[in-house]
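# Architecture and fold: a report
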Amino acid sequence: MRKNPPDFLLLLSVIILVGLGVIMVFSASEYSTLVRYNDSFYFFKRQLVWAAMGFVAMFVALNYDYRRLRRWAGLALILAFVLLVAVFVPGVGRSSHGASRWIGMGPLTFQPSELAKLCLILFAAHHLAGARGRIGEVRTWLPLLGVTAAAAGLVLAQPDLGSAASLTGTVMVMLFAAGLPWGHLLALGLAGTAAVAAAICAESYRFRRFMAFLDPWRDPQGSGFHIIQSLYALGSGGLLGVGLGQGRQKLLYIPEQHTDFIFAVLGEELGFVGTVLVIGLFLLFIWRGLRVAITSGDPFATLLATGITANIGLQAVVNIGVVTGSLPVTGITLPFISFGGTSLILSLVQTGILLNTSRFAR
């Protein structure tokens, strides 16, 4: 099969997002790292190294024929479950702020849930591509849902409701792309909504976050603090922002300013224009990713591209929704922009796979 050049607009959108992310990580963290580590460049240097490693990994994925990934689908799924269980093993898993989401490797940490998303996308694409014409049969989609529910359950136990919901939502989009009947999709959507509601009510801190989403001013110094400070930052930005590096909310007011709420810092410093630019770049990524999926003649490539696009797109939508007060607070970071090695490198690996499939698209 003749190879085309990789999708240029898709690649361009990712390069700009990563470059902007490195700049914003420095701007958002310079004060807090100076206070905590006596080094304003503490997170910036790490993000720069991870970005370089991520682009190398993306280049490798771009040049590794995506069709050869199918043979690794089963092994990838097993690896994902092993790592998701490993976070609960004493001496292997590491905890922070009451959450056990990381595996320690010396001074470095690795977040298995990020890899699990890619592994599940690969397995789902392989499974659904091999079930063409039989997608409406229960024996086709039920095993995939069982695997997804088990993975989401392990992620939820860490606890990480946002990643569990994102993982499940990605598989739902892939089932839709595979042709699952609307009646099945509606039933699964209602069941998923009920499961999320039950998870929120099962933990008091999640319920408080949900109530803060409805009315953050009811507890401005407690559960509503994140949302209020985020809205202050966005509101202060105006049209053009207060200027890069000149934001005030990052001065230990807004929590997680370089990770979960980096979009708020970006909105304050670059204003409405900056936020629209970022949203536009994500929309460009989603458009080009779906275009690759639609124009791929291989069902496996179509489902793989759909899953990757949905995974990164859903994370962006959820993060921006949280920062703008449109969704309850979760622990999902903004792809390509937020600080974090595991998320950045694996997002770039997924981009490399997506670019690889674009080379075979019609």
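Structure shown above.
In short, a report on the structure. (Residues numbered from 1 in each chain as written. Predicted model: local features only at pLDDT ≥ 70, side-chain atom pairs only at ≥ 80, totals over all residues. Heavy atoms only, no water.)

This next bit is on the packing of helix 1 (residues 8–37) against helix 2 (residues 42–62). Taken N-terminus to C-terminus, the directions of helix 1 and helix 2 make an angle of 155 degrees; their axes are 6 Å apart at the nearest point. Taken together, the axes of helix 1 and helix 2 are roughly antiparallel relative to one another. The crossing of helix 1 and helix 2 is right-handed. Counted together, L11, I15, V18, V22, V25, F26, S29, T33 and Y37 of helix 1 and Y42, F43, F44, Q47, L48, A51, F55 and M58 of helix 2 form the full contact between these two elements. Classifying every residue of the contact of helix 1 with helix 2 gives 14 nonpolar, 3 polar and no charged. (Axes fitted to C-alpha atoms, helices over the stretch in contact; angles between N-to-C directions. Helix = DSSP H or I, 4+ residues; strand = E, 2+ residues; numbered from the N terminus. Parallel < 35°, antiparallel > 145°, perpendicular 65-115°, else oblique. Left-handed = near helix turned anticlockwise from the far one by under 90°. Contact = heavy atoms within 4.5 Å. Nonpolar A, V, L, I, M, F, W, Y, C, P; charged D, E, K, R; others polar.)

On to the nonpolar core. Counting 95 residues, the largest nonpolar core has L175, V278, F282, L304, L334, F336 and I353 as its most contacted members. Setting aside its immediate chain neighbours within four residues, L304 contacts Y66, L69, I121, L122, A125, I353 and T357. (Core = buried A, V, L, I, M, F, W, Y, C linked by side-chain atoms within 4.5 Å. Buried < 20%, exposed > 50% of the residue type's maximum accessible area, 1.4 Å probe, protein only.)

By the element assignment, H258 lies in the loop between helix 9 (225–237) and helix 10 (262–295). By relative accessible area, which is 8% here, H258 ends up buried. Contact partners of H258, with chain neighbours within four places excluded, come to V25, A28, S29, F43, S338 and F339.

This paragraph deals with the packing of aromatic side chains. This structure, assessed with the given rule, holds 14 aromatic pairs. Seen from their ring centres, F41 and F44 are 6.1 Å apart, and the 65 degrees between their planes marks the pair as edge-to-face. On the basis of relative accessibility, which here comes to 42%, the residue F41 falls in the partly exposed class. On the basis of an interplanar angle of 25 degrees and a centroid distance of 6.5 Å, the ring pair of F282 and F336 is categorised as stacked. Of this pair, F282 sits in helix 10 while F336 is found in the loop between helix 11 (299–323) and helix 12 (341–358), placing the two residues 54 residues apart along the sequence. The class of F336 is buried, set by a relative accessible area of 1%. Taking the ring centre of Y42 as reference, the NZ or CZ of R46 above it sits at 3.7 Å. In this structure, R288 is placed above the aromatic ring of W287, and the distance from its NZ or CZ to the ring centre is 4.6 Å. (Phe/Tyr/Trp six-rings, centres within 6.5 Å; stacked < 30°, edge-to-face > 60°. Lys NZ or Arg CZ within 6 Å of the ring centre and 35° of its normal.)

Moving on: the packing of helix 5 (residues 138–156) against helix 6 (residues 161–178). With their axes 8 Å apart at the nearest point, helix 5 and helix 6 run at an angle of 165 degrees to one another. On the basis of the axis angle, helix 5 is roughly antiparallel to helix 6. Of the two elements, helix 5 crosses helix 6, and the hand of that crossing is right-handed. Here W141, L144, L145, T148, A151, A152, V155 and L156 of helix 5 lie close against helix 6, whose contacting residues are L161, S163, A164, L167, T168, V171 and L175. Partitioned by chemical class, the residues of the contact of helix 5 with helix 6 number 12 nonpolar, 3 polar and no charged.

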